[in-house]
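Structural overview for review
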Amino acid sequence: MRFLFGGLAAIALVIGGFFIIRAQQQDDDLASIAAPPPEPVDTALPLADPGTMRGPAPPEATEMTREERRFARHDRNGDRIITREELLASRTKAFKALDKDGNNLLTFEEWAVATSDRFATADADGNGRLSAQEFATTKPKRPVARCKC
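Residues numbered from 1 in each chain as written. Predicted model: local features only at pLDDT ≥ 70, side-chain atom pairs only at ≥ 80, totals over all residues. Heavy atoms only, no water.

Here we come to a positive patch on the surface. Positive charge collects at one region of the surface, where R66, R69, R73, K139 and R142 lie side by side. With respect to the secondary-structure elements, R66 resides in helix α2 (residues 66–74). (Patch = residues over 30% accessible without salt bridge, like charges linked within 9 Å, V, L, I, M, F, W, Y side chains within 5 Å. Areas by Shrake-Rupley, 256 points an atom, 1.4 Å probe, with all protein chains shown as cover. Salt bridge = Lys/Arg side-chain N within 4 Å of Asp/Glu carboxyl O. Lys, Arg positive; Asp, Glu negative; His and termini not counted. Charge placed at Lys NZ, Arg CZ, Asp CG, Glu CD. Helix = DSSP H or I, 4+ residues; strand = E, 2+ residues; numbered from the N terminus.)

Below, the discussion takes up the side chain of D123. Along the chain, D123 falls in the loop between α5 (108–122) and β2 (129–130). No salt bridge is formed by the buried D123. Its closest oppositely charged neighbour is R129, at 8.9 Å. Only 3.2 Å separates the side chain of D123 from the backbone nitrogen of N127, close enough to count as a polar contact. For D123, the contacting residues outside a window of four places in its chain are G128, R129, L130 and E134. (Buried < 20%, exposed > 50% of the residue type's maximum accessible area, 1.4 Å probe, protein only. Polar contact = N/O pair within 3.5 Å; in protein donor to acceptor, adjacent residues only side chain to side chain. Contact = heavy atoms within 4.5 Å.)

On to a nonpolar patch on the surface, then. Where nonpolar side chains cluster on the molecular surface, the patch consists of M1, L4, F5, L8, I11, I15, F18 and F19 and spans about 920 Å² of accessible area. One can find F18 in helix α1 (residues 2–31).

What follows is the structure in structure tokens.
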């Protein structure tokens, strides 16, 4: 019985090997077939007549001077008046710049006093608000570029 089962198993292995080899040959035959060429693509632009259709109008840009833009950056609520709080809010970088030695010993109160003094100097009429003309006096001085030609 053992020899009979061994012989049947050997025949089954030979038949299985035959089918595996045939399947690999068919895959190789299919791989050698060239793919059909792609269809030509129409590169011409489509023609369209917009008729009376018009797109939205572009937004109009306002011509602001440099001083008007600087004033608008500080005027947080857009009421055309800069309050003390609005001016102080934009000065955090200046606060960090005041600590020249980097030891973090400059307090916020010391910085606020310097900024408040600057605000008081600019507030010519003493009403606690800066108009555009008063704010123009706080404009930082730009260094003059000199050519060393």
